[in-house]
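What follows is each chain in one-letter form.
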Amino acid sequence: MFRTLFRATACAVALFAALPAQAQSYKAEYKLSIVVGTTFPWGQGAEIWSKLVRERTDGRINIKVYPGTSLVQGDQTREFTAIRQGVIDMAVGSTINWSPQVKELNLFSLPFLMPDYAAIDALTQGEVGRDIFARLDKAGVVPLAWGENGYRQLSNSKRDIKRPEDMKGMKLRVVGSPLYIDTFTALGANPTQMSWADAQPALASGAVDGQENPLSIYTGSKLYTVGQKHLTLWNYVADPLIFVVNKEVWQSWSEKDRDIVRQAAVDAAKEEIVIARKGVTRNDRALLDDIAKQGVTITELDQAGHDAFVKITQPVYDKWKTQIGTSLVDKAEKAIAARKPDAK
Ligand code: X2X
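Scope of this entry: the structure provided in the associated data block. The structure displayed is predicted, hence computed values, not measured ones. Within each chain, residues carry numbers counting from 1 in the order of the written sequence. Thresholds applied to this predicted model are a pLDDT of at least 70 for local features of residues and 80 or more for the giving and counting of side-chain atom pairs; totals over whole chains, interfaces and linings are not thresholded and use all residues. Side-chain numbers here rest on the full set of heavy atoms in the structure, without hydrogens or water.

## Some remarks on the packing of aromatic side chains
To keep things clear, this is the line we draw: Any pair of Phe, Tyr and Trp rings, taking the six-membered ring for Trp, is counted once the centres come within 6.5 Å. Such a pair is stacked with planes under 30 degrees apart, edge-to-face with planes over 60 apart, and tilted for the rest. Strands here are runs of E lasting at least two residues and helices are runs of H or I lasting at least four, both read from the DSSP assignment and numbered beginning at the N terminus. Partly exposed residues are those whose accessible area sits between 20% and 50% of the maximum for their type, while under 20% is buried and over 50% is exposed, using a 1.4 Å probe and protein chains only.
Within this structure, the stated rule accounts for 14 aromatic pairs. With centroids separated by 5.8 Å and ring planes inclined at 85°, the aromatic side chains of Phe184 and Tyr236 adopt a geometry described as edge-to-face. Taken as a pair, Phe184 in helix 7 (residues 178-186) and Tyr236 in the loop between strand 9 (230-233) and strand 10 (238-246) lie far apart in primary sequence, 52 residues in all. The exposure classification of Phe184 matches that of Tyr236, with both residues buried. Pairing Trp234 with Phe309 gives two aromatic rings, centres 5.4 Å apart and planes at 80°, and the pair type is edge-to-face. Of this pair, Trp234 sits in the loop between strand 9 and strand 10 while Phe309 sits in helix 13 (residues 303-324), and the two are 75 residues apart along the sequence. Phe309 shares its class with Trp234; the two are buried. Of the aromatic side chains, those joined through ring pairs into one cluster are Phe112, Phe184, Trp234, Tyr236 and Phe309.

Structure below.
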């Protein structure tokens, strides 16, 4: 009892000693935005980051996670602007959702650019990743670390998809970048853009036939319970996540605290990537086995199928390569070609 009291007092004194330089500018709570819930790998990454920061700053920086992009009423394509404006203090955000404001982020959505995890890493952990961080910094946020949502797979309620022609006329929900509309139109589907918040009821009511998302989101949201019983693993794109802080918030912190927040983001992102890749690789198919147990047909593309998808989306790739910036995409292609591919 006495010891606890003593410790509490010592803590208060320590806190007081740290006060003069910065106390006035620190908020009682920092709002961190994510799209999904905290049980998903993405949400766990945000929770780990928050916890590490709270511990390492002795509570000076207290982060609260807001799932469901609730700080922008679920409209995830407005998240980036809200961070820049200070409506949101921090975020772990998907490259897709911020791509309307930062066109370079469309890089990761170029169909079939990244054949394996080593290819994703070659981009995010190399010069391309640094170039994109410089671009984000210019756009008004402070980028700290790369995480991962994952390879986005295709599910639907109608039929197995093995070839592009199987998608003909299928009404598919896609995320908020025009690149996705182009890709799915080229594939012969009927894409419709909506937020994740709207997508789930639309799938449940049958207003749309299918969607594309990483398997962790497919299972975490139990999409097999809303008729999504046909799943195609095609690894056509993967969306990294980015850990960021609003610039003014960043500048309001002491240098020591900035270092702590940055290192905590790096540590949390590393852990998050491990969680995101669990159960969905060749050597660890646990999540796929769980999905199959739900009566879901899992289709893996054969070589001819894969080639057909690549071919039909090539014009979209070429068009968007120019829009994203030829030199950045060239650099990305080179980095991928130089990687050591994942063990197959
Ligand atoms: O909306 C989606 O599909 C999601 C949850 O994956 C993103 O926020 C990009």
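## Topic: the pattern of salt bridges
For clarity, the threshold we go by: Salt bridge criterion: a side-chain nitrogen from Lys or Arg within 4 Å of a carboxyl oxygen from Asp or Glu.
Under the criterion given, the structure shown has 23 salt bridges. A salt bridge links Asp116 to Arg339, with the nearest nitrogen and oxygen atoms 2.8 Å apart. Of this pair, Asp116 sits in the loop between helix 4 (95-98) and helix 5 (117-124) while Arg339 is found in the segment after helix 14 (326-337), placing the two residues 223 residues apart along the sequence. Two residues, Lys158 and Asp209, come together in a salt bridge whose shortest N-O distance is 3.8 Å. Taken together, the positions of Lys158 in the loop between strand 5 (153-156) and strand 6 (171-174) and Asp209 in the loop between helix 8 (196-205) and strand 8 (210-213) put the pair 51 residues apart, joining distant regions of the chain.

Take it as geometry only, folks, not as evidence of what the structure does.
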